[in-house]
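Residue-level listing of the chains:
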Amino acid sequence: MIPLDLYLAYIAAYDAAMTAARASLARGAPSAALAQLERAHVLGQRDFGRHWRVHVTMLRAAWALRDGRELLGQLVRLSLVPLGHLFGRLPLGNTGRSN
């Protein structure tokens, strides 16, 4: 079991990365958002809700970039996130991108 203080630090870092990513999207900088989302993905992928939110936000960034490959990759990942959590088959530590 992870110590509470470490868990809280992970959550704070995840929240900071997601906040920075959303700010980047709002100012029209989807590439910068994706860099923050990669960090958030590594930090949040053990939790279903956080993992899902990262991929939804990555999908928004891919749409803003008009990057078809990333869009398709995020749609595939969104379909796999529930299964990965259900069966405990998550490739931990990956950035969540389609590159």
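Report on the accompanying structure. These figures come from a predicted structure and were not determined experimentally.

Conventions used here
Residues numbered from 1 in each chain as written. Predicted model: local features only at pLDDT ≥ 70, side-chain atom pairs only at ≥ 80, totals over all residues. Heavy atoms only, no water. 1 Å grid on protein atoms, 1.4 Å probe; cavity = no way out; pocket = protein on both sides within 12 Å on 5 of 7 lines; lining within 4 Å. Points joined across faces, edges and corners; volume = space filled by probe spheres on them. Nonpolar A, V, L, I, M, F, W, Y, C, P; charged D, E, K, R; others polar. Helix = DSSP H or I, 4+ residues; strand = E, 2+ residues; numbered from the N terminus.

1. Brief notes about the layout of surface pockets
Then, number 1: The space that makes up the largest pocket amounts to roughly 280 Å³.
Then, number 2: Of the residues in the lining of the largest pocket, the class split is seven nonpolar, three polar and three charged.
Then, number 3: Residue lining of the second largest pocket: 14 residues in total, with H51, R77, L80, L90 and P91 positioned closest to the centre.
Then, number 4: Among the secondary structure elements, those contributing two or more residues to the lining of the second largest pocket are α3 (48-65) and α4 (68-87).
Then, number 5: Sorting elements by how many residues they give to the lining of the second largest pocket places α4 first, with five residues.

Keep in mind that these numbers describe shape and distance, not what the molecule does.
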